[in-house]
Amino acid sequence: MRDATPTTIYLSDYTPFGFLVDSVHLTFDLSEHATRVTSRIAFRPNPQATDKTFFLHGENIKLIHALIDGAPVTPAVKENGLTASVPNAPFIWEAEVEIDPGNNTALEGLYMSNGMYCTQCEAEGFRKITYYPDRPDVMSTFTVRINGDLPVLLSNGNPTAKGDGWAEWTDPWPKPAYLFALVAGELIAHPGQFTTRSGRDVELNLWVRPGDEGKCAFGMEALKRSIKWDEDVYGREYDLDVFNIVAVDDFNMGAMENKGLNIFNSSAVLASPETSTDANFERIEAIIAHEYFHNWTGNRITCRDWFQLCLKEGLTVFRDAQFTSDMRSAPVKRIHDVIDLRARQFPEDNGPLSHPVRPESFQEINNFYTATVYEKGAEVIGMLKTLVGDEAYSKALDLYFERHDGQACTIENWLKVFEDTTGRDLTQFKRWYSQSGTPRVTVEDDWADGIYTLTLSQSTPPTPGQTDKQPQVIPVAVGLLGPNGDEVRGTEVLELTGERQRFSFEDLAAKPVPSILRGFSAPVILEHNRSNTERAFLLAHDTDPFNRWEAGRALAQNTLLRMITQDEAPDAQYLDGLLAVLRDADLDPAYRALMLGLPTQSELAAALHEQGETPDPMAIWRAVETLRQATAQHMQDLLPRLQSEALVDGPYSPDAEQAGKRALGSAALALTTRLDGGAMAAEVYAKADNMTLQLSALSCLLRAGKGQAELAAFYDQWHHDRLVLDKWFGLQASLAAPDDAPRIARALTEHPDFNWKNPNRFRALLGGLAMNHAGFHHASGQSYALLADWLIRLDPVNPQTTARMCTAFQIWKRYDADRQDLIRAQLTRVAETPNLSRDTTEMVSRILGT
Ligand code: 0A1
Ligand code: ZN
């Protein structure tokens, strides 16, 4: 429903709730269109609060009756909640409400997915279940009774009683309502077991729909690895007798960390070699770890208010990245994360949606589950760890858990444990939480009398609402290489705190080549005008694996930009340097596969924009095609060897070693396809016995404008499997040739399997189109119009997913006037749609800058 005047909520307006909650008892009588929820809540006045207004949130729910201390009351009910007059002493609130999960398509609150009841309460979904102070600083224990004729009835905590058609769950750990969960359905358990280090036996279950039993084993093992890792690395133990995970098909995000009952988008947990790619396996392992790690960073210690979201998300993303680095390859994980940061967070931070890691205002909090809060939030934690060192980081985390267990905290609490542990003043560092935009760091250097001097400067361009930027604390990890390629200075962290600062290195025999921002030690854009000869030198010799990869990336970007703007031919130094690295069989195949990657077309557009040029999507597309072709030719003799190095012995396993070999094989196959017209890819496709190979071969064929027979065969083989069918939709939209993309995408929206109300399917197709840079920015504007049509159609059904998809337009100001006019017209059309949701209204107006 449209809010006539969308209200803005401010961090600075925070006040505690007037009441504390001692216990919550809920009873659910499940029914598809008329579920009854009875609540019994023990309130008492909060001595810390001055405002004693008794306001309970509530949306789209019908109040049947309410009692205070057993006496009927008639509260004042409004659209967003109710108020009542209450005693100035402890009292019991009881209410019965009715809700309609069967018609809840927004997938927030209690809803249905394939006949199964499930919930999503973060951020503000609990208010769609019953009247409650739905804010994360109100914490309580919950007891839940579920009455329903479905065989599996689950909620948070431990099972405490059950009978025919009912079950009771008790969660002994106080929690905010956003961590509440309920699931009821015909589900099958894939069981597991874990004994914690203090000897607690924990029953593990992964609950799935019948038919999915064969896709559970990997997730269960990943869960056990996560539990063990959190004990070993952070000293954190699990705290209930059971840990349940449920897979659901209709879910707006990846997964949710509800206490003891994690709910997962089935795409983020179900896996088998036949249906999932290596990348899917790695993502699933990371998401399972992420949600599990929230048990301490998010649940035991939660957020005071939603502005503090990065307190749990930045830290938990940082922890899951550490976990993946430990389970797999640390350099490969770091490179993947930086690729992802540049693809998703940089466009956000450098466009109309730019906001601080800790935002200071919002209209709809669901719009702030962003790459900035999550991924830049994790980078901020990484920088803090780099600055204080590993040991102090560990001590600070121990203090954090000891001091704040059971509390709802702020970024101030978080930084204070670091200040108390290290004695360091973090006032300036805190700007990372309040200042939006990506800092630019520029480098000048000087060599005289055996002294090498680096001068680093920083500046951050203005962002919406912030014109005057202050210098931040930027840890810049630097190493120096001598002329023969040996490292003459190991990695040292320079702390750039001023606008411009000099750092000297003495007693050097010859002018060194600097390797700057090793390991991507800060989320900044490094502006370093160095020669391609120096870049090629680093590509050959840098001892820091991240920067070695980065040198290749910079060479690739440089040659592409010159091909686009000056019509130059592909740069020989790039091609030769790449060939040498790819020849080096001592290097990890996964790492070599990454070396073969190129900046995305969207990144190239951003780089051109940054240089003051107007990017032409078709010219970018052509340059990438030309460079790929030149690379294939240059590596022609090496490709068969790469293909054989990529051969895997024995049965399929999703481990890092095998996955790395397949990644290299796939990258080589993509190049081979440019030389043999797809003969080898067709062969690989025909023989593939796992989804990784099947999909990579099919991608090679589609990119070459071939593979129609394989595409049809793929559909025949997999149309019964919803997760694989998402890939079928996504691949066609994202890989279509630019001129075909709008037509192909439109045709796919008319396909009988385009179940657009399912967020995964919607995102596969329309998100796939948005990822097809030249196809999305087709000069006709047809792709823009198609996306806008579907945003308008989806909005009344699922505002959250609609609002997220609007981000496809966030980069619109980079392009030429014609494209800007086309996009503005579509955004305006969306904005003017009657009854547009609060979610989408906020996103579109921020993107338009209105
Ligand atoms: N806390 C979850 C993400 C999440 C957020 C919102 C949701 O619904 C609106 C669902 C999930 C996580 O970080 O994994
Ligand atoms: Zn999270």
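Note: the structure precedes this text.
1. With respect to the overall build of the protein chain
- Check the secondary structure of the protein chain and you find 27 helices and 31 strands.
- Taking 29 Å as the expected radius of gyration for a compact globule of 850 residues, we find that the protein chain reaches 27 Å, a close match to that expectation.
- C-alpha atoms of the protein chain, sized along the principal axes, occupy 85 × 65 × 60 Å.
- Residues counted as buried form 60% of the 850 residues belonging to the protein chain.
- Within the protein chain, residue pairs in contact and separated by at least 24 positions form 70% of the contacts whose partners lie at least 6 positions apart.
- Just so you have it, the protein chain exposes about 32,000 Å², and 49% of that area is on carbon and sulfur atoms.
- The protein chain carries 80 positive and 116 negative side-chain charges, and their two centres are separated by 1 Å.

2. Re the nonpolar core
- In this structure, Phe-43, Trp-93, Phe-180, Trp-414, Phe-418, Phe-429 and Leu-582 are the most contacted members of the largest nonpolar core, which totals 211 residues.
- The element contributing the most residues to this core is helix α5 (residues 371-388), with nine residues.
- If we skip the residues at most four places from it in the chain, Phe-43 touches Phe-17, Phe-19, Leu-20, Val-21, Phe-54, Leu-56, Pro-90, Phe-91, Trp-93 and Pro-133.
- If you look at the next biggest cluster of nonpolar residues, it comprises 55 residues, including Leu-698, Ala-736, Ala-788 and Met-805.

3. Let's talk about the pattern of salt bridges
- Scanning the model with the defined rule gives 60 salt bridges in all.
- A salt bridge links Glu-282 to Arg-328; the shortest N-O distance between them is 3.8 Å. Of the two residues, Glu-282 is situated in helix α2 (residues 278-293) and Arg-328 in the loop between α3 (309-327) and α4 (330-349); the sequence distance between them amounts to 46 residues.
- Given a relative accessible area of 17%, Arg-328 falls into the buried group.
- With a closest N to O distance of 2.7 Å, Glu-412 and Lys-430 form a salt bridge. Placement of the pair is Glu-412 in helix α7 (residues 411-422) and Lys-430 in the loop between α7 and α8 (431-434), with a sequence separation of 18 residues.
- The network of salt bridges with common partners includes Arg-36, Lys-62, Glu-96 and Glu-98.

4. Observations concerning the site of ligand 1
- Around ligand 1, a shell composed of 15 residues is seen, among which Glu-122, Glu-257, Glu-291, Glu-313 and Tyr-374 lie nearest.
- Contact distances for ligand 1 include 3.2 Å between an oxygen atom and a side-chain N or O atom of Gln-120.
- Note that an oxygen atom of ligand 1 is positioned 3.2 Å from one of the backbone N or O atoms of Ala-255.
- When isolated, ligand 1 has an accessible area of 360 Å², and the protein chains bury 96% of it.
- Among the secondary structure elements, those contributing two or more residues to the shell around ligand 1 are β20 (255-256), α2 and α3.
- Residue composition of the shell around ligand 1, by class: five nonpolar, five polar and five charged.

5. Concerning the coordination of the zinc ion (ligand 2)
- The coordination sphere of the zinc ion (ligand 2) contains the protein donors His-290 (NE2), His-294 (NE2) and Glu-313 (OE), at a distance range of 1.9 to 2.0 Å.
- Coordination geometry of the zinc ion (ligand 2): the four donor atoms subtend angles of 99 to 126° at the metal centre, consistent with an arrangement described as tetrahedral.
- When the donors of the zinc ion (ligand 2) are listed by position in the chain, the intervening gaps give H-x3-H-x18-E. Of this pair, His-290 sits in helix α2 while Glu-313 sits in helix α3; the two residues are 23 residues apart in sequence, bridging distant segments of the chain. The burial state of His-290 is the same as that of Glu-313; both residues are buried.

6. Comments concerning the environment of Gly-148
- Locating Gly-148 in the fold gives a position in the loop between β12 (140-147) and β13 (152-155).
- Accessibility expressed as a relative area gives 14% for Gly-148, which makes it buried.
- When the C-alpha positions of Gly-148 and Thr-35 are compared, they lie 9.9 Å apart, and in sequence the two are 113 residues distant.
- Discounting residues that sit within four places of it in the chain, Gly-148 has contacts with Leu-30, Leu-153 and Gly-165.

Basis of the calculations
- Residues numbered from 1 in each chain as written.
- Chains lettered and ligands numbered in written order.
- Predicted model: local features only at pLDDT ≥ 70, side-chain atom pairs only at ≥ 80, totals over all residues.
- Heavy atoms only, no water.
- Helix = DSSP H or I, 4+ residues; strand = E, 2+ residues; numbered from the N terminus.
- Rg over C-alpha atoms; globule rule 2.2 N^0.38 Å.
- Buried < 20%, exposed > 50% of the residue type's maximum accessible area, 1.4 Å probe, protein only.
- Contact = heavy atoms within 4.5 Å.
- Areas by Shrake-Rupley, 256 points an atom, 1.4 Å probe, with all protein chains shown as cover.
- Lys, Arg positive; Asp, Glu negative; His and termini not counted.
- Charge placed at Lys NZ, Arg CZ, Asp CG, Glu CD.
- Core = buried A, V, L, I, M, F, W, Y, C linked by side-chain atoms within 4.5 Å.
- Salt bridge = Lys/Arg side-chain N within 4 Å of Asp/Glu carboxyl O.
- Near = heavy atom within 4 Å.
- Polar contact = N/O pair within 3.5 Å; in protein donor to acceptor, adjacent residues only side chain to side chain.
- Nonpolar A, V, L, I, M, F, W, Y, C, P; charged D, E, K, R; others polar.
- Donors = N, O, S within 2.8 Å, 3.2 Å for Na, K, Ca; no water.
- Tetrahedral: all angles 85-135°; square planar, octahedral: opposite > 155°, others 65-115°.

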